[in-house]
Each structure stands twice: as C-alpha cells, then as structure tokens.
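Descriptive structure summary
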Amino acid sequence: MVKCPKCGTEVQPQKTWQLVAPLPDADGRVTIIVMGSFRCPNCGYSWRQKISTIKVGPEGEVEVGKAAKKKRKKKEKKKESSGGKVIEIDLSELYRDEEL
Ligand SMILES: [Zn+2]
C-alpha cells in the first residue's frame, strides 16, 4: 500500500505501468520499474511514484530484495570452485619431471 504524502491515507493505484531500463545491470538483468498514479480519496491530492523494482534475467523475474540473496549464493559457489590446491600439486609434479 502507498500512503498519501499530504494526509497519510492509504491509497490504491489508479493506474500502473512499467518503465524498462535501457541498459542491463552487471548480472545481465534488465531492470523494470513499476510506476503508479494515485489519487487520494481523502484530500484529493494526485501524484505518481515508484511502486516496485523488478529485475528480469536468465532466472526469470526477481524482486530486488530476493535478487540480493541469490547474489550472495553465487559468490559462495565461486569461492568453492576457485581453490588453487589442485593446481599447486600439478606444478610440483612438473618440476620433479624436469629434475629427473
Ligand atoms: Zn491525502
């Protein structure tokens, strides 16, 4: 629910529409901003404001709050896969071959 900035009455949007950002973000997701036009039934004030932000990527539509949690999981996976211990063992075996 959105509150009237003049009197604080909770107002439902009369009309909603979407604004699509021209450039995707760092994760290749397209940002869609949901806008709404409101008219307060109490004081008659009318205004427009952002209702929510949605990011659309390979995984489908994701709300901004949920997307932040998914980003943390991706970073954890990268750390697990980039362990350098296996590469160090391979290099030591190569040096032994040269010495022989
Ligand atoms: Zn009002």
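The structure presented is a predicted model; accordingly, all values stated were derived computationally and were not measured.

Conventions adopted
- By convention here, each chain's residues receive numbers from 1 onward along its written sequence.
- For this predicted model, a pLDDT threshold of at least 70 governs which residues receive local features, and a threshold of 80 or more governs which side-chain atom pairs are given and counted, while totals over whole chains, interfaces and linings are taken from all residues.
- Strands are runs of DSSP state E lasting at least 2 residues, helices are runs of H or I lasting at least 4, and numbering of each runs from the N terminus.
- Any residue with 12 or fewer other C-beta atoms within 10 Å of its own C-beta is exposed, any with 20 or more is buried, and the rest are partly exposed; the C-beta atoms used are placed from the backbone.
- With C-beta atoms placed from the backbone, a contact is any residue pair whose C-beta atoms sit within 7 Å.
- When DSSP finds at least two bridges between two strands, those strands are taken to pair.
- Comment: axis = line fitted to C-alpha atoms, over the contacting stretch for helices; angle = value between 0 and 180 degrees taken between N-to-C directions.
- The score called pLDDT rates the predictor's confidence residue by residue, from a low of 0 to a high of 100.

Points about the overall build of the protein
Of the regular secondary structure elements, the protein holds two helices and six strands. Its helices and strands in sequence order give the protein the pattern β-β-β-β-β-β-α-α, from N to C terminus. Counting every position in the protein, which comprises 100 residues, the buried fraction comes to 3%. Partitioning the intrachain contacts of the protein with sequence separation of at least 6 by distance along the chain shows that 42% fall at a separation of at least 24.

Some remarks on the sheet that holds strand β3 (residues 15-20)
Spatial ordering of the open sheet is given by β3-β4-β5-β6, a layout of four strands whose pairing is antiparallel. Edge positions in the open sheet fall to β3 and β6 (60-63), since each of these has one partner strand only. Averaged over all pairs of adjacent strands, the angle between strand axes in this sheet comes to 35 degrees, irrespective of strand direction. Bridging between strand β4 (residues 30-39) and strand β5 (residues 46-57) involves ten bridges; their strand directions are antiparallel. Looking at the pairing, S37 lines up with R48 of β5.

As for the confidence of the model for the protein
For the protein, per-residue confidence averages 76 on the pLDDT scale, and residues scoring 70 or more make up 64% of the total. Looking at the elements of the protein, mean pLDDT is at its lowest for helix α2 (residues 85-99), recorded as 48, and at its highest for strand β2 (residues 10-11), recorded as 96. In the model, residues 67-71 has pLDDT below 50 throughout and makes three contacts with residues more than four positions away in sequence or in other chains. Low confidence marks residues 80-92, where pLDDT is under 50. Its contacts with residues over four positions away, or in another chain, come to zero contacts.

Observations concerning the environment of N42
Structurally, the position occupied by N42 is in the loop between β4 and β5. In this structure, the C-alpha to C-alpha distance between N42 and C4, residues 38 residues apart in sequence, is 8.9 Å. In contact with N42, not counting residues within four places along its chain, are C4, C7 and T9.

Considerations on the pairing of β5
Between the end of β4 and the start of β5, which pair antiparallel, lie six residues, with G44 showing a positive phi angle near 85 degrees. Strand direction decides the pairing type here: β5 and β6, joined by four bridges, are antiparallel. When the sheet's bridge partners are listed, V56 is paired in β6 with E61. Taking the residues between adjacent antiparallel strands as the criterion, β5 and β6 are bridged by two residues.

Remarks on the environment of V62
With respect to the element layout, V62 can be found in strand β6. When the 17 C-beta atoms within 10 Å are taken as the criterion, V62 is described as partly exposed.

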